[in-house]
Protein chains: 2
Amino acid sequence: MKVDYIIKDAWVYQTFRQCFEKREVAVSGERILAVSPKFAGACDRIIDGSGMYLIPGLIDIHMHIESSMTYPKEFSRLALQHGTTTVVADAHEIANVFGMEGICSFMDQETEMDIFYAIPSSVPATSWELETPGAAIGEEETRQLLEDDRVLCLGEVMNFRDLVPEEPDGLISKPDAALAHKADTKTLRLIRMCRSRRGRDIRIEGHCPKITGMDLNRFIFAGVDADHTQQTPESVLEKSDLGMFLELQRKSLTPEVVEAVCSHRLYENVALITDDTMPDQLLEGQLNRILLAAVQAGMPVEKAIYCATYTPARRMHLDDRGMIGPGKLADFLLLQDLDTFRPAAVVKSGRLVSGSWWMAGSAGKAAEQADPKEEEPSAVSTVCSSRFAADTIFPPHFYHSVHCRGAVASDFILTAGKACTSVLANVIRIGTFGTATELVRRRIPVRNGVICWQEAGLCLAVIFERHGRNGNIAAGLVEGAFQKPGAAATTWSHDSHNLLVLGNSPEDMVIAQNRVIALQGGYVVAAEGAVAAEALLQVGGIINDGPLEKLAKDLGRVRGAMAALGYENNNEIMSMSTLALPVSPALKLTDYGLLDVKTQKKVALIAEECLDV
Amino acid sequence: MKVDYIIKDAWVYQTFRQCFEKREVAVSGERILAVSPKFAGACDRIIDGSGMYLIPGLIDIHMHIESSMTYPKEFSRLALQHGTTTVVADAHEIANVFGMEGICSFMDQETEMDIFYAIPSSVPATSWELETPGAAIGEEETRQLLEDDRVLCLGEVMNFRDLVPEEPDGLISKPDAALAHKADTKTLRLIRMCRSRRGRDIRIEGHCPKITGMDLNRFIFAGVDADHTQQTPESVLEKSDLGMFLELQRKSLTPEVVEAVCSHRLYENVALITDDTMPDQLLEGQLNRILLAAVQAGMPVEKAIYCATYTPARRMHLDDRGMIGPGKLADFLLLQDLDTFRPAAVVKSGRLVSGSWWMAGSAGKAAEQADPKEEEPSAVSTVCSSRFAADTIFPPHFYHSVHCRGAVASDFILTAGKACTSVLANVIRIGTFGTATELVRRRIPVRNGVICWQEAGLCLAVIFERHGRNGNIAAGLVEGAFQKPGAAATTWSHDSHNLLVLGNSPEDMVIAQNRVIALQGGYVVAAEGAVAAEALLQVGGIINDGPLEKLAKDLGRVRGAMAALGYENNNEIMSMSTLALPVSPALKLTDYGLLDVKTQKKVALIAEECLDV
């Protein structure tokens, strides 16, 4: 067998013992040929790994490329630098805008990193009665996606009530409730389809924050056996005992949760994931940041590596990777220490894709130039194929997706009955940390039938349906956003990505909203009658097709401009964008109006009209 | 959801923590609905599990049903009693006799236990040039089997040289050797087929005793990443570090090997398996015996349970079983203690299939009578279907498979050149333990051209090709078999299952051989001119289609009769039958003559003809 190069004297990660041993690693084509304490025979392409740690490429099995507002090829370039060599992407943002065509536009892109896909299970996030997305993913699309070898799971099943019927008496149901269980909900149909089409091959991934006890049992019984939402020590134990696989993202990596994982040795049942990585964060790191967070929260470094390499591969039945061994893909990192997880070199499928430390000798060049395509490619069945001339990254019409009229100042006037002097309004209150909101009631003066929300220190949020479907416009009041006059507008508003404008200055709101339409997608802040900052998201209104470095810089300015207007949150952009996300607690706004997330019932903006103040 | 019954107050095995907790388990149809410390709500079908241990059904992922000389339905009946609820069977014995038709005759049988299948990779064990089986399994058969959802792996790849080219300089090869690697060997083609047809879904199981270092790396690189042969502490560590999954059978479960597994915590990478269970052993136990052996060799009981339930399920991508949790198949055992692993009750797919302790109350009856077919059956694609009227268990011609002539006394006369007075013969020496033989040379007197092997204290083994293909007859001399006059004959002679007769009395050899033909398959011992004991194996010459209890009794008599004739081995039947197995060390006999197993070269019976003694 042909050996392309050998890495000598590195500390090589031993997956099944979770420790390091000094080993030599021989690479042949895109795979590892052999691992040995010492090879006999000669090889003139030797790379000296002395003092380095060699670990498998990081594998992120729950993430959304669109959270970085970029496209697969650019994501691959950046994430590879941080050592992530495989991801399982749930492209549910682009699916909300363009449906199957959006998913295929991702899958069609060749990337150096391996990108596998989840079938978005919840597009739209709620239903056509509650919000208007650009497209939906239903049974027919799911059937098509199941034919693609790169599809590994049904992604993020979150619609709890679609799976678990309400049964008032706890465990035991009446015969009619038993019938209800067999009800033909969309999600149950999708799960059945995944099970019958590919048998044991397809994983069903879930999203079940705070669900416990009998509800949790039923959710798992319905087929969903992974969860990536925020965990507590108690939820880790309960879910793990019930056979649910835990995907820990940063917010779950508290010392208490990590202590629960470590003290019960639950490593087999845990993987580290990113979920969402903002563009500026992606410049700093990807799954390696989460690895670091796990170690900082108290997880032994050898266990954290295990949970970022082997367990995620196994969860997704990716038996060809996740460890350093013969026959596995030659996906690995070289680290100078185990403190920062900033790789000195990253090798994907045998090829050096990042890092220059071994470039001095000819051996480095060999690795850099190795042709990973040497082996016969295995046949991959795919449902997608490029259907446009490739002079742009996406199909031309992806660049023209904002179909709504420009706002005018009168769009931001709320009215009440002529006679009343004030209203009691249902208001979205945002917090300074995270994306959860709460419903609060505020009394607002009314003059000549006009609700004077600015006088109550509130902002107005207005959503313009922008997929050209129904022209819906809906408004809600927000407390805790801008404190100074100004506005922001964006098409990056989860999950339907309609055009959201938020502000307390109608003039600036018009400017921001109009500018987003002119850009055909983006994030714009306006203040004092002019655009203060903007970032271009010209693909479907959610993705920038240029270099991420520039986008991150622009978004940094957007963030700065929002903060300058007094928006106080650990992530201003996410906080504003998720005002439109009707599956995240507690009161949100869609193009149909205010929505109580828990009950999925509409909420009137005006709770009460008052004749006397 | 409908609850059929609840088991209360049992100590329930917690898979991911490998411990027991007091839990209640609710069963609905064929699956577990929920597990909880305490259910709310009422259920009138309660089973009191106080003081009992509830563990998942045992899963045996490497075994051969034919080793028990029985058929799937009967195997299922017995193994279920011992708590084995799922097996992955490699039906390579019946495949050696009837090919695909043999495999389908197994797969067509409905069983209460779940039987999945391995594709036999080595039928015939060697090649048509070295032995004559009844049929072969090649690429076309493999292609067909891959379409069946019950096929989980390519079984027991053992032909090392078919995968790994000889490369004299160790690691680095010349370009021409690199070409050799791409050689189109049958086994490489089968592995490629398994990988391209079902992607990551199919496991490649191996057989690689004593292979180490670069050879082991290359074997794994070729795609084989499990081994079930005898291990040592060193092999456990080396194979595990290289990513090979270890399937430990009884002979591997020494205190030293178990200590290696435990001290390095390799449980994730280890499963317990049976490989071969003789009929009389099957009456006593199945995988539960191996579980006990692991514990007796020092493995903590909670870890041994893990390696007999969860890790084997995961290895085979059987995500629907292997633990007690919602949505999993309701396959479990109740044990009165953790000492013997003799289940007090066995539940398969929600139904009580063995054990009567809970039968007193109506709850027990409910479980006993529960209809596991209540849920919609999932579509299973299968390549097999019954093609005969079902008044016999197997197709009629399976009962007429011994196609060779009856022996006559002259078949057992060996001749040499007229002039010589003795020969130096290559002789198979059998041992008193295990199935390995060695080549020894013995001087044997010759009178009038007749080799007087009886005078040298030897036995004669003769193989009659019996599949009706070429009528081959071949002879070899054996040392260490019968010490008193007598003979045995059988069609159960691995792997080609030709008719093997072994003895030192030509008269008894004729009687035994003729009787096996009359029975159309069996194990017969003859002594003093009459049949001394016999067991009927009338299906393909290797399987008895009646109750196993009777067969075991008959085989006990066969064993006793062999021992009475002075055959000294821990397993007389296996020792004799594997005289014909050309992949087990060291000198064996096929219908083409003596074979050196290591070199796969034929060996002459007469090494040297001597003119003077």
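Residues numbered from 1 in each chain as written. Chains lettered and ligands numbered in written order. Predicted model: local features only at pLDDT ≥ 70, side-chain atom pairs only at ≥ 80, totals over all residues. Heavy atoms only, no water.

Scanning chain A from N- to C-terminus turns up 17 helices and 29 strands. Relative to the 2.2 N^0.38 estimate, which gives 25 Å for 613 residues, the radius of gyration of chain A is 26 Å and therefore close to what a compact globule would have. For chain A, the spread of C-alpha atoms along the principal axes amounts to about 95 × 60 × 45 Å. The long-range share in chain A, meaning contacts at least 24 apart out of those at least 6 apart in sequence, stands at 68%. (Helix = DSSP H or I, 4+ residues; strand = E, 2+ residues; numbered from the N terminus. Rg over C-alpha atoms; globule rule 2.2 N^0.38 Å. Contact = heavy atoms within 4.5 Å.)

It is worth spelling out the interface of chain B and chain A at this point. Each side of the interface is counted separately: chain B has 63 residues, and chain A has 63 residues. Summed over both partners, the interface of chain B with chain A comes to about 5400 Å²; 55% of that surface belongs to carbon and sulfur atoms. Run the count over chain B and chain A and you get six salt bridges. With its nearest N and O atoms 3.6 Å apart, the salt bridge here joins B:Asp241 to A:Arg23. There are eight residue pairs in polar contact (both at pLDDT 80 or more) connecting chain B and chain A. Counting residues per element, the ones that place at least two in the side of chain B that touches chain A are β1 (5–14), β2 (19–28), β3 (31–36), α5 (175–181), α6 (186–198), α7 (213–221) and α8 (233–241) of chain B. Of the residues in the side of chain B that touches chain A, the class split is 30 nonpolar, 12 polar and 21 charged. (Buried area = accessible area lost by both parts, 1.4 Å probe. Salt bridge = Lys/Arg side-chain N within 4 Å of Asp/Glu carboxyl O. Polar contact = N/O pair within 3.5 Å; in protein donor to acceptor, adjacent residues only side chain to side chain. Nonpolar A, V, L, I, M, F, W, Y, C, P; charged D, E, K, R; others polar.)

Another point: the confidence of the model for chain A. Considering every residue of chain A, the mean pLDDT works out to 91; 91% of them sit at 70 or more. Note that pLDDT drops below 50 for residues 173–181 of chain A; the model gives that stretch 13 contacts with residues more than four away or on any other chain. (pLDDT = per-residue confidence, 0-100.)

Let us now look at the sheet that holds strand β28 (residues 601–603) of chain A. Residues and elements named next belong to chain A. In spatial order, the strands read β26-β27-β28; together these three strands make up an open sheet with antiparallel pairing. Both edges of this open sheet fall to β26 (587–590) and β28, since each of them pairs with a single strand only. Between one strand axis and the next, the sheet turns by 45° as a mean value, whatever way the strands run. When strand β27 (residues 593–596) meets β28, the two strands line up antiparallel, connected through three bridges. (Pairing = 2+ DSSP bridges. Axes fitted to C-alpha atoms, helices over the stretch in contact; angles between N-to-C directions.)

Of the transformation superimposing chain B on chain A, the axial component is 0.1 Å and the angular component is 180°, with the fit at an RMSD of 0.2 Å. What the superposition gives is, in effect, a two-fold axis relating one chain to the other. Of the residues that chain B buries at the interface, 100% are likewise interface residues in chain A, meaning the two copies contact each other through the same surface. (Least-squares fit on C-alpha atoms with pLDDT ≥ 70 in both.)

What follows covers the sheet that holds strand β28 (residues 601–603) of chain B. Sheet strands pair by backbone hydrogen bonding; their relative direction is either parallel or antiparallel. Residues and elements named next belong to chain B. A sheet is described by the order of its strands in space; here three strands give the open sequence β26-β27-β28, paired in antiparallel fashion. The outermost strands of the open sheet, each flanked by one partner alone, are β26 (587–590) and β28. Each neighbouring strand pair of the sheet contributes to a mean axis angle of 45°, computed without reference to strand direction.

A separate point is the pairing of β2(B). All names here are of chain B. In terms of burial, β2 is largely enclosed, as seven of its 10 residues are buried. Pairing geometry for β2 and β3, over five bridges, is antiparallel. From the neighbouring strand, Val27 faces β3, where its bridge partner is Ile32. (Buried < 20%, exposed > 50% of the residue type's maximum accessible area, 1.4 Å probe, protein only.)

Let us look at the pairing of strand β7 (residues 84–90) of chain A. Residues and elements named next belong to chain A. Most of β7 is tucked away: seven of the seven residues are buried. Note: strand β6 (residues 58–63) against β7, four bridges, orientation parallel. Each residue of the ladder has a partner; that of Asp60, found in β7, is Val87. With helix α1 (residues 72–81) bridging β6 and its parallel neighbour β7, the resulting β-α-β unit is right-handed. (Right-handed = clockwise from strand over helix to strand, strands pointing away.)

Once that is clear, we can look at the nonpolar core. Counting 148 residues, the largest nonpolar core has A:Phe332, B:Leu477 and B:Leu502 as the members making the most contacts within it. If one sorts the elements of this core by residue count, helix α2 (residues 92–107) of chain B sits on top with nine residues. Residues within four places of B:Leu477 in sequence aside, it is in contact with B:Leu414, B:Ala425, B:Val427, B:Ile428, B:Ile444, B:Trp453, B:Leu458, B:Cys459, B:Leu460 and B:Leu605. Counting residues in each nonpolar core, the second largest holds 147 residues, with A:Val87, A:Leu458, A:Val462 and A:Tyr567 among its members. (Core = buried A, V, L, I, M, F, W, Y, C linked by side-chain atoms within 4.5 Å.)

Turning next to the side chain of B:Glu247. Residue and element names in this part refer to chain B. With respect to the secondary-structure elements, Glu247 resides in strand β12 (residues 245–248). Of the side chains with opposite charge, Arg315 lies nearest to the buried Glu247, which makes no salt bridge, at 4.2 Å. Filtering out sequence-adjacent residues up to four positions away, Glu247 remains in contact with Ile61, His62, Glu205, Ala226, Asp227, His228, Ala271, Ile273 and Arg315. (Lys, Arg positive; Asp, Glu negative; His and termini not counted.)

Right, let's talk about unusual backbone geometry for a bit. The omega torsion across A:His494 and A:Asp495 is -10°, close enough to zero to call that bond cis. By the secondary structure assignment, A:Asp495 is in the loop between β22 (487–490) and β23 (499–503). Look at B:Gln18: it is not a glycine, yet its phi comes out positive at around 50°. Examined against the element boundaries, B:Gln18 turns out to sit in the loop between β1 and β2.

Residue and element names in this part refer to chain B. Counting buried positions over the nine residues of α7 gives seven, a clear majority of the element. Inspection of α7 places Met214, Leu216, Asn217, Arg218, Phe219, Ile220 and Phe221 among the buried residues, and these make up the whole buried set. Two residues or fewer past α7, Gly223 is found with a positive phi of approximately 125°.

This brings us to the packing of aromatic side chains. Going through the model one piece at a time under the given rule, you end up with 20 aromatic pairs over all chains. Through pairs of rings, three or more aromatic residues link up here, namely A:Tyr71, A:Phe98, A:Phe106, A:Phe394 and A:Phe398. Positioned above the aromatic ring of B:Phe221 is the side chain of A:Arg31, whose terminal nitrogen or guanidinium carbon lies 4.6 Å from the ring centre. (Phe/Tyr/Trp six-rings, centres within 6.5 Å; stacked < 30°, edge-to-face > 60°. Lys NZ or Arg CZ within 6 Å of the ring centre and 35° of its normal.)

The next point concerns the environment of A:Ala26. Looking at the element boundaries, A:Ala26 is found in strand β2 (residues 19–28). Along the backbone, A:Ala26 and A:Ile7 are 19 residues apart, and their C-alpha atoms lie at a distance of 6.5 Å.

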